[in-house]
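Listed below are the residues making up each chain.
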Amino acid sequence: MKKPNITLLLAVFLILLVISVGKEIINFIVDLQWFSDLNYLPVYFRKFLAQLELAIPIFLITFVFLYFYSVKVVNDYVNFAQDIVVKRSAGKYKKIGVYTSLFVSFLVSLYAALSWWNDWLFFKNAVSFNYSDPIFKKDVGFYVFRLPFVYDIYRLLMVVLILVISATVVAYVLMYLSDKTRFYEISERDGNLFRAIYNKEILEKAFREIAPLAAFFFLLLAVGYYFARFQILYSTKGRVFGATYTDVHVTLTFYYILSALSVVVAFLVFVFLMKRNLKYAIISVLLLPAFSLVMALTETVVQNLIVSPNELDKESRYISYNIEYTRKGFGLDKVEEKDYPSKKELTWEVLQKNRDTIDNIMINDYRPVKQAYNQLQALRLYYKFNDIDIDRYTINGKYKQVFIAAREIDQENLSPQAKTWINLHLKYTHGYGVVMSLVNDVTPTGQPEMIVKDIPPTTSTDIRIDRPQIYFGELTNDYVIVNTKTGEFDYPSGDKNIQTNYKGTTGIPMTFPNRILFALYEKEARILLSADITKDSKILIHRNILERANKIAPFLLYDDDPYIVVSDGKLYWIIDAYTYSTNFPYSQPYGNVGINYIRNSVKVVVDAYNGEVDFYIADEKDPLIQAYKKIFPGLFKDIEKMPAGIRQHIRYPQFLFDIQTEVYKTYHMTDPQVFYNKEDAWDIAKEKFDNEVQYQESQYMIMRLPGEQKEEFILMIPYTPSTKANMVAWMAARMDKDNYGKLVVYKFPKNTIVYGPLQIENMIDQDPNISKELSLWNQQGSTVSRGNLLVIPIDDSILYVEPLYIQSQNQNALPEVKRVIVAYKDQIAMEPTLEESLKKVFLGNATAPEIIEKTQEETKGSAEGQRELIIKAHDTYEKAVEAVKKGDWASFGKYMEELKEILKLLKEGVKD
């Protein structure tokens, strides 16, 4: 067999090493330029320096220890060996020991640097939570900031020590096997194998080597048991997460005993091994598993004979700890609970007093709106609306809830012939503009009424967009090179394409060295060879806004639903970012990751044109963000420094709210006995959407909360009992101005039945008129689906609204809002518009003149009365216009007569 060519193998290895190292060097240089371009170079170096702070000392300590230890083992091996070849190869074996020590030390330090840098920075920059755990009375910051790094170091020492012990055993086995003469002495010792292989000299050396290592192992184990006691705060043995009666009274005591016993075992093992008494050394070691077995049996006995028969009595104290710290961990300890009497009758007059709430009821849904935007406003195949966001704007002086979406370029939708390198990276560089529509307004055909639309953006409102280009977004997943000779496609105009050049400050200049660098970085030779790229060109990388933010601050958790904002004529993205921990004591973990502490402490703002990324602190009281602020000075800005036009659009994130509402459905019970028996467990209300029963989504809405003077933007969810369908409460997150972040729960009286969403859905199903119409539409080549059922609290009452969509079975047909269902108590109406359904429920079949006559005396001459008449006049006028569009001249005449009566009353009111 031919021997391998060592020179060739070495050459291949060196080539691969150069490629690997070269790639890392290229990445490093690119990162330096990118972070410098965004003015975040200190942030990059802080993480890099933290990794060096860990890697260098760990590498040096590990290498020195392994080197001297390997040299000692090699010397013992060489001195013992009988083979002259072994003795001559001592230098080679020492080199192998050095290389092995270097390799192991490098791997250990690399792993520590990549995995523990955040724990290390937390350890160095720990801050106080200003409250302690209930068992050990240590500040919670100890568990969140310091303990994780202590465990990291402990595990590192244990791994290295076990490796050294294993290597020692292997070395001495090899040492013995090198003495080949021993195997020929069996016949001389009466065939006694033990006598033949027994070697007193080597066993003495082995015992002397292993004795201190074993002793150190058990001393380290003693430290491990000492720190393991803190783990009872994360116990999963009981009915709730955290230390239980058995943990505190049994497990904790045994940890102290095991820690002390480990010290004793360390001493005994050292003594017996030095005396070469393997039997007693093994007996000493077995003390620990024996005592661990006693511990497990004692825990079982105490749990089954003492705790279980009296579980509520024994565990009540620890259940209360779990409730308290879970509420703290998820920010539920400051939830304000209020009574919602639900005794007032909802009338037409009350609705008029809450007109701003009525005028912002969402009669369209974001899912069909997304379809409509993409079909009606994409305009070209390569444009796409990735997501529909819900926000609020003051439009022409009125506070309105809107749908808004960014028109981005989706390069995947370019035709195959157009997917050239020049088109993908030089020409189609950005998206263009946004589309906006009011949530409560649809066209006569049932599509969203767009108030900002088209290219360039047009609007009849006071919203201004001066810089519509979107170079950074949710679909911008690849690099582009701007300011080239090719010219950038800006937007289509008839049969022509308007071109532009990027005027932003962001981007890495395409100097000749950088062209070489990025040709290697992107593995694309055309970056170097293209004649379209000039010295004025710049490359934009990491353009996906989530990737962009995560690259700067990877220690934060980012919401996967960024939303776009129009402010001062420019477009910005807002990303909610969270600090979190899995080490909060006694707090019930949530989700697969086991998060038991979370705060929406950071709002990230990304300029859609310039790519600038700003991190604003939204929760100064969060200890984690205080620590990060110390770690990364200059990264975070105070929320007060956020531009006012952007700040008025910050939202309470749905992601966090959904987690909190899930936790709160159990942890609203603060009495341990009620909690233990789950006597008052809640559930998220259910509804029918798209003809399937599912949990309700939390909904953004504009409404006036009970006791407040004006409408505000909130996020809300209704609750039902865990086994029933009626509503028991609803939670709202406030987010306007000084009320941002306040959580309020409104609880219905226990002696009052308030219909839950699913009960209303069943009432709709059972309504003969509605079911008849639905069946008829479904038989006419159309598909009928019901949107989200909105639960709208108004003036201590509950109103239910559900849009109804009809979609033709024709290809590319859009869902259209054709009816709006309104329910109040036992009354249900389904009419073409929300206003008509409201009138049918609250005014019956009364005509406008009858309504006017009914309210004439109570409204005549009053400001409120004048306002109501103006609203009625506007509604009647809109109906008249709609009748003209449909060619319904009879209805048009009727509406004009009604309008005449209303205007007459208004005139009389002015005279009075």
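Note that the coordinates shown come from a computational prediction; the quantities given were computed from them, not determined experimentally.

Looking now at the overall build of the protein chain. Across its full length, the protein chain carries 27 helices and 33 strands. Within the protein chain, the fraction of its 912 residues that count as buried is 53%. In the protein chain, once contacts between residues fewer than 6 apart in sequence are set aside, the share between residues at least 24 apart is 66%.

A few words on the sheet that holds strand S14 (residues 508–509). Ordered in space as S11-S15-S14, the three strands form an open sheet in which the pairing is antiparallel. Where the open sheet ends on each side, the last strands, each with one partner, are strand S11 (480–482) and S14. Here two bridges tie S14 to strand S15 (residues 538–540), and the two strands are oriented antiparallel to one another. By the bridge assignment, Ile 508 is partnered in S15 with Ile 539.

Turning to the packing of aromatic side chains, a few remarks are in order. This model, assessed by the stated rule, comprises 66 aromatic pairs. Aromatic side chains Tyr 226 and Phe 227 sit 5.4 Å apart centroid to centroid with 85° between the ring planes, which places their arrangement in the edge-to-face category. Judged by relative accessible area, Tyr 226 falls into the partly exposed class, the value being 36%. Here Lys 328 stacks its cationic end above the ring of Tyr 131, 4.4 Å away from the centre of that ring.

Okay, helix H23 (residues 768–778) next. Restricting attention to buried positions, one finds in H23 the residues Ile 770, Leu 774 and Trp 777. Buried residues of H23, viewed axially, fall in a sector of 65°; they line one side. The exposed residues of H23 that point more than 90 degrees off its buried face are Pro 768, Asn 769 and Lys 772. Looking at the buried side of H23, the elements it contacts are helix H22 (757–766), strand S29 (782–786), strand S31 (797–808), strand S32 (816–824) and strand S33 (827–831). The backbone nitrogen of Asn 769 lies 3.1 Å from a side-chain oxygen of the residue at the head of H23, namely Asp 767.

Within the element layout of this structure, Gln 51 appears in helix H2 (residues 41–80). Looking at Gln 51, the relative accessible area reads 15%, which means it is buried. Apart from the residues within four sequence positions on either side, Gln 51 is in contact with Ala 113, Leu 114 and Trp 117.

Turning next to unusual backbone geometry. Cis rather than trans, the peptide bond between Ile 455 and Pro 456 has omega equal to -15°. One can find Pro 456 in the loop between strand S7 (448–453) and strand S8 (458–459).

Let's shift gears to the pairing of S7. One ladder, built from three bridges, connects strand S6 (residues 434–442) with S7; its direction is antiparallel. Looking at the pairing, Ser 437 lines up with Met 450 of S7. Two successive antiparallel strands, S6 and S7, enclose a turn made up of five residues, where Gly 446 displays a positive phi of approximately 90°. Connecting S7 to the antiparallel partner S8 that follows it, the hairpin turn spans four residues, and Asp 454 within it adopts a positive phi of roughly 70°.

This paragraph deals with the pattern of salt bridges. The tally for this structure, following the rule as stated, stands at 40 salt bridges. Across the pair Lys 237 and Glu 299 runs a salt bridge, and its minimum N-O distance is 3.0 Å. On the criterion of sequence distance, the pair formed by Lys 237 in the loop between helix H7 (200–228) and helix H8 (245–274) and Glu 299 in helix H9 (residues 278–307) is long-range, its members being 62 residues apart. Where Glu 336 meets Lys 338, a salt bridge forms, and the shortest distance between an N and an O atom there is 3.8 Å. Of the residues examined, Glu 336 reaches a relative accessible area of 40% and is grouped as partly exposed. Judged by its relative accessible area of 27%, Lys 338 is partly exposed.

Here we come to a nonpolar patch on the surface. Together, Phe 103, Phe 106, Leu 107, Leu 110 and Leu 114 make up a nonpolar patch on the protein surface, roughly 500 Å² of accessible area in all. With respect to the element layout, Leu 114 can be found in helix H4 (residues 90–124). Owing to a relative accessible area of 54%, Leu 114 belongs among the exposed residues under this scheme.

For the pair H8 and H9, the least separation of the axes is 9 Å and the interaxial angle reads 175°. Our classification of the angle between H8 and H9 gives roughly antiparallel. Per-class residue counts for the contact of H8 with H9 are 24 nonpolar, seven polar and one charged.

In this section: the nonpolar core. Grouped together as the largest cluster of nonpolar side chains are 151 residues, with contacts concentrated most on Ile 135, Ile 552, Leu 556, Val 604, Phe 615, Leu 635 and Phe 636. Among the elements that make up this core, the one with the highest residue count is helix H5 (residues 140–177) (15 residues). Setting aside residues up to four positions removed in sequence, Phe 636 forms contacts with Phe 555, Leu 556, Val 602, Phe 615, Ile 617, Ile 625, Tyr 628 and Lys 629.

Right, let's get into the packing of H9 against helix H10 (residues 311–329). Helix packing for two helices is described by the angle between their axes and how far apart those axes are. Two elements in contact, H9 and H10, have axes separated by 9 Å at closest approach and are oriented at 115°. Here Gln 303, Ile 306 and Val 307 of H9 come into contact with H10, specifically with Glu 311, Lys 314 and Glu 315. Grouping the amino acids of the contact of H9 with H10 by side-chain chemistry returns two nonpolar, one polar and three charged.

Moving on, we come to helix H15 (residues 512–521). In an α-helix there are 3.6 residues to a turn, and that puts residues three or four apart on one side. Taken together, the buried positions of H15 are Asn 514, Arg 515, Leu 517, Phe 518 and Ala 519. Following H15 by one or two positions, Lys 523 adopts a phi angle in the positive range, close to 55°.

Another aspect to go through is the side chain of Gln 696. With respect to the element layout, Gln 696 can be found in the loop between strand S24 (692–695) and strand S25 (699–703). On the basis of relative accessibility, which here comes to 9%, the residue Gln 696 falls in the buried class. Of the polar contacts made by the side chain of Gln 696, one reaches the side chain of Glu 687; its length is 3.3 Å. Here Gln 696 is in contact with Ile 684, Ala 685, Lys 686, Glu 687, Ile 717, Pro 718, Pro 757, Leu 789 and Val 791, once residues within four sequence places are set aside.

Let us look at the environment of Ala 243. For Ala 243, the position within the fold is in the loop between H7 and H8. When the C-alpha atoms of Ala 243 and Asn 322 are compared, they prove to be 8.7 Å apart, with 79 residues separating the residues in sequence. What Ala 243 contacts, discounting residues up to four positions off in sequence, is Ile 135, Ile 232, Leu 233, Ser 235, Val 248, Tyr 318 and Tyr 586.

Basis of the calculations
- Residues numbered from 1 in each chain as written.
- Predicted model: local features only at pLDDT ≥ 70, side-chain atom pairs only at ≥ 80, totals over all residues.
- Heavy atoms only, no water.
- Helix = DSSP H or I, 4+ residues; strand = E, 2+ residues; numbered from the N terminus.
- Buried < 20%, exposed > 50% of the residue type's maximum accessible area, 1.4 Å probe, protein only.
- Contact = heavy atoms within 4.5 Å.
- Pairing = 2+ DSSP bridges.
- Phe/Tyr/Trp six-rings, centres within 6.5 Å; stacked < 30°, edge-to-face > 60°.
- Lys NZ or Arg CZ within 6 Å of the ring centre and 35° of its normal.
- Arc of directions from axis to C-beta.
- Polar contact = N/O pair within 3.5 Å; in protein donor to acceptor, adjacent residues only side chain to side chain.
- Salt bridge = Lys/Arg side-chain N within 4 Å of Asp/Glu carboxyl O.
- Patch = residues over 30% accessible without salt bridge, like charges linked within 9 Å, V, L, I, M, F, W, Y side chains within 5 Å.
- Areas by Shrake-Rupley, 256 points an atom, 1.4 Å probe, with all protein chains shown as cover.
- Axes fitted to C-alpha atoms, helices over the stretch in contact; angles between N-to-C directions.
- Parallel < 35°, antiparallel > 145°, perpendicular 65-115°, else oblique.
- Nonpolar A, V, L, I, M, F, W, Y, C, P; charged D, E, K, R; others polar.
- Core = buried A, V, L, I, M, F, W, Y, C linked by side-chain atoms within 4.5 Å.

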